[in-house]
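For reference, the chains in residue letters:
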Amino acid sequence: MSLVPVVGYTLRTIWVLLCNMVCIPCYLAWLALVSPTYLASPWLYNELEQVFFSWTLSIVSCWCWSAGYQLAESGASLDHLQHHRLLILPNHQSTADVPLLMTIFTARIGFCNKVMWIMDRVFKFTNFGAISWMHDDFFIRSGKAGRLTTLVELKDHLNNVFLPKNRRYLVLFPEGGFLHKRKAISHQFAKKKDLPMLEHCTLPRTGALDVIMDVLGPGRHKEGHQIEKIVDMTVAFPSGHPLDLQSIVTGWREPCVTHVHYREFDCKDLPDSTEDFFNWMVKLYQEKEEMLDKYYKTGEFPYQMFDRDALPPKVISHDPLRFLLIHLFFIVSSYMFYTILMSIAGHFSVST
């Protein structure tokens, strides 16, 4: 390997590290600065927090965009669907999934402001965990021991956070973990229950889905507060080789196009019973498996496999100027907060 690519990977890594060192503290500092507004208007404080949150996610999106990792959307139109309250269900393959979803959401101004993520509790202790915690995302406990407890906590969180804060979109990974970690367990469960063996995705878990539909499903709340549609999101990496966070940070993988396919389902048309709903989800993931299998074998994404009217793949575009302005905002903010802290520290040193 020549020296030039290594220098490029190193500079990208330094840039990403600096983004984390600057943007996350600035996000928290801005929230502390505007926190008095919560006493006068909780709504205004939440709106400000959501804007800072979306700008922070845009920084992550810039990492993907600048490395040439493009996303091609097909199927239903997310631009039209965003006017509804959505439950978004992506398949889960690697650590790149969340940054790529952020790239999708930030391409639509105001979308990621209203997103609530449901993710593994381990994420809470990562560098981005503090931001997710302040944004009131939900951290789900894995394992049998905490399963019942976490479902009760999820129900409370939806009632006490999602609805009062007027969030519009929920993101949940039904598989409960990465494909390579969950695949063996999924096969064991499939053999035990005489269910289909899936290779490119795993059988979905529906415990959290049942809670969400019980709290936010049709007829549970007044019009305008219910989840109206489920959006099945199929993420298909080239040749079935997922990107990972290391690739996004360093940019060492060649630029590529990842397909993202949307299928919409009206919540009013879904089965009511837990068993029927589980069977519906299994069928949905069987169809997802078929779509992924054909793509990996042929190299052409079968976007019309289940809907002849599905929209063809279209690469998501981002505005470089917006990325630049958001970077400038955080740079200026960091200088401002640094100056304030140094001024306070100088004041105290003089006093003593």
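Scroll up a little and you will see the structure.
A few points on the structure. (Residues numbered from 1 in each chain as written. Predicted model: local features only at pLDDT ≥ 70, side-chain atom pairs only at ≥ 80, totals over all residues. Heavy atoms only, no water.)

## Notes on the overall build of the chain
Within the chain, the secondary structure is distributed over 12 helices and eight strands. Computed over C-alpha atoms, the radius of gyration of the chain comes to 21 Å, within 12% of the 20 Å expected from 2.2 N^0.38 for 352 residues, which places it in the range of a compact globule. Considered along the principal axes of its C-alpha atoms, the chain spans approximately 75 × 55 × 40 Å. Taken over 352 residues, the chain has a buried fraction of 49%. When contacts within the chain are restricted to residue pairs at least 6 apart in sequence, those whose partners lie at least 24 apart make up 74%. As presented, the chain carries roughly 17,600 Å² of accessible surface, and 61% of it is formed by carbon and sulfur atoms. (Helix = DSSP H or I, 4+ residues; strand = E, 2+ residues; numbered from the N terminus. Rg over C-alpha atoms; globule rule 2.2 N^0.38 Å. Buried < 20%, exposed > 50% of the residue type's maximum accessible area, 1.4 Å probe, protein only. Contact = heavy atoms within 4.5 Å. Areas by Shrake-Rupley, 256 points an atom, 1.4 Å probe, with all protein chains shown as cover.)

## So, the side chain of histidine 327
When you line up the elements, histidine 327 lands in helix 12 (residues 320-351). A distance of 3.4 Å separates a polar atom in the side chain of histidine 327 from a polar atom in the side chain of tryptophan 15. (Polar contact = N/O pair within 3.5 Å; in protein donor to acceptor, adjacent residues only side chain to side chain.)

## Observations regarding the pattern of salt bridges
Inspection of the entire model under this criterion finds 13 salt bridges. The shortest N-O distance in the salt bridge between aspartate 266 and lysine 229 comes to 4.0 Å. Separated by 37 residues along the polypeptide, aspartate 266 in strand 7 (residues 256-266) and lysine 229 in strand 6 (residues 229-236) bring together distant segments of the chain. For aspartate 266, a relative accessible area of 28% corresponds to the partly exposed category. The partner of lysine 288 in a salt bridge is aspartate 232, and the shortest N-O contact between them spans 2.7 Å. (Salt bridge = Lys/Arg side-chain N within 4 Å of Asp/Glu carboxyl O.)

## As for the pairing of strand 7
Of all 11 residues in strand 7, eight are buried; the element is thus mostly enclosed. Bridge analysis of strand 1 (residues 69-75) against strand 7 gives seven bridges, and the strand direction is parallel. Across the sheet, the residue bridging to alanine 72 is histidine 259, located in strand 7. Bridging between strand 6 and strand 7 involves eight bridges; their strand directions are antiparallel. If you follow alanine 236 over to strand 7, its bridge partner there is histidine 259. (Pairing = 2+ DSSP bridges.)

## A closer look at a nonpolar patch on the surface
On the surface, Leu3, Val6, Val7, Leu11, Ile14, Leu17, Leu18 and Met21 cluster together into a nonpolar patch covering about 770 Å² of accessible area. Topologically, leucine 18 is positioned in helix 1 (residues 3-34). (Patch = residues over 30% accessible without salt bridge, like charges linked within 9 Å, V, L, I, M, F, W, Y side chains within 5 Å.)

## What to know about the nonpolar core
Counting residues in hydrophobic clusters, the biggest one holds 57 residues, and the most contacted among them are Ile88, Leu101, Ile104, Phe105, Trp117 and Tyr262. Residues within four places of tyrosine 262 in sequence aside, it is in contact with Glu73, Ser74, Gly75, Ala76, Leu78, Ile104, Val231, Asp232 and Met233. Formed by 38 residues, the second largest nonpolar core is a distinct cluster that contains Leu203, Ile227, Phe278 and Met281. (Core = buried A, V, L, I, M, F, W, Y, C linked by side-chain atoms within 4.5 Å.)

## Quick word on helix 11 (residues 274-298)
With 25 residues, helix 11 should cover 36 Å at 1.5 Å per step; its first-to-last C-alpha distance of 36 Å lies within 8% of that length. Downstream of helix 11 by a residue or two, glycine 299 has a phi angle that is positive, lying close to 85°. (Expected span 1.5 Å × (residues − 1).)

## Considering the sheet that holds strand 2 (residues 86-90)
Pairing is mixed in the open sheet, where eight strands are placed in the order 4-3-5-2-6-7-1-8. Unpaired on one side and paired on the other, strand 4 (138-140) and strand 8 (311-315) mark the two borders of the sheet. Within this sheet the neighbouring strands show an average axis-to-axis angle of 20°, counted without direction. Helix-sheet contacts for helix 5 (residues 97-106) involve strand 1, strand 2, strand 3 (115-120), strand 5 (169-172), strand 6 and strand 7, and the interaxial angle to strand 3 is about 175°. Along the sheet, helix 9 (residues 207-216) contacts strand 2, strand 3, strand 4 and strand 5; its crossing angle with strand 5, the most-contacted strand, is approximately 165°. (Axes fitted to C-alpha atoms, helices over the stretch in contact; angles between N-to-C directions.)

## Thoughts on the packing of helix 3 (residues 42-66) against helix 5
At a closest axis distance of 8 Å, the pairing of helix 3 and helix 5 adopts a crossing angle of 115°. Between helix 3 and helix 5, the angle falls in the class roughly perpendicular. Crossing handedness for the pair helix 3 and helix 5: left-handed. Note on element contacts: helix 5 touches helix 3 through Pro99, Leu100, Met102, Thr103 and Thr106, opposite Ser54, Leu57, Ser58, Val60, Ser61 and Cys64. (Parallel < 35°, antiparallel > 145°, perpendicular 65-115°, else oblique. Left-handed = near helix turned anticlockwise from the far one by under 90°.)

## Quick notes on the packing of aromatic side chains
If you walk through the whole model with that rule in mind, you get 16 aromatic pairs. On the basis of an interplanar angle of 15° and a centroid distance of 6.4 Å, the ring pair of phenylalanine 52 and phenylalanine 329 is categorised as stacked. Of this pair, phenylalanine 52 sits in helix 3 while phenylalanine 329 is found in helix 12, placing the two residues 277 residues apart along the sequence. Both rings, one in tryptophan 55 and one in phenylalanine 329, keep their centres 4.8 Å apart while their planes meet at 70°; by these two values the pair is edge-to-face. One end of the pair, tryptophan 55, is in helix 3; the other, phenylalanine 329, is in helix 12, and 274 residues separate them in sequence. On the accessibility criterion, tryptophan 55 (27% relative accessible area) is partly exposed. The structure contains a cluster of three or more aromatic residues connected by ring pairs, namely Trp30, Phe52, Trp55, Phe329, Phe330 and Phe337. The positively charged end of lysine 288 is found above the aromatic ring belonging to tyrosine 285, 4.9 Å away from the centroid. (Phe/Tyr/Trp six-rings, centres within 6.5 Å; stacked < 30°, edge-to-face > 60°. Lys NZ or Arg CZ within 6 Å of the ring centre and 35° of its normal.)

## Regarding the environment of isoleucine 88
For isoleucine 88, the location among the structural elements is in strand 2. A residue is classified by how much of its surface remains accessible, and isoleucine 88, at 1% relative accessible area, is buried. In this structure, the C-alpha to C-alpha distance between isoleucine 88 and threonine 103, residues 15 residues apart in sequence, is 15 Å. Apart from residues lying up to four places away in sequence, isoleucine 88 is in contact with Phe105, Phe111, Tyr169, Leu170, Val171, Leu172, Val231 and Met233.

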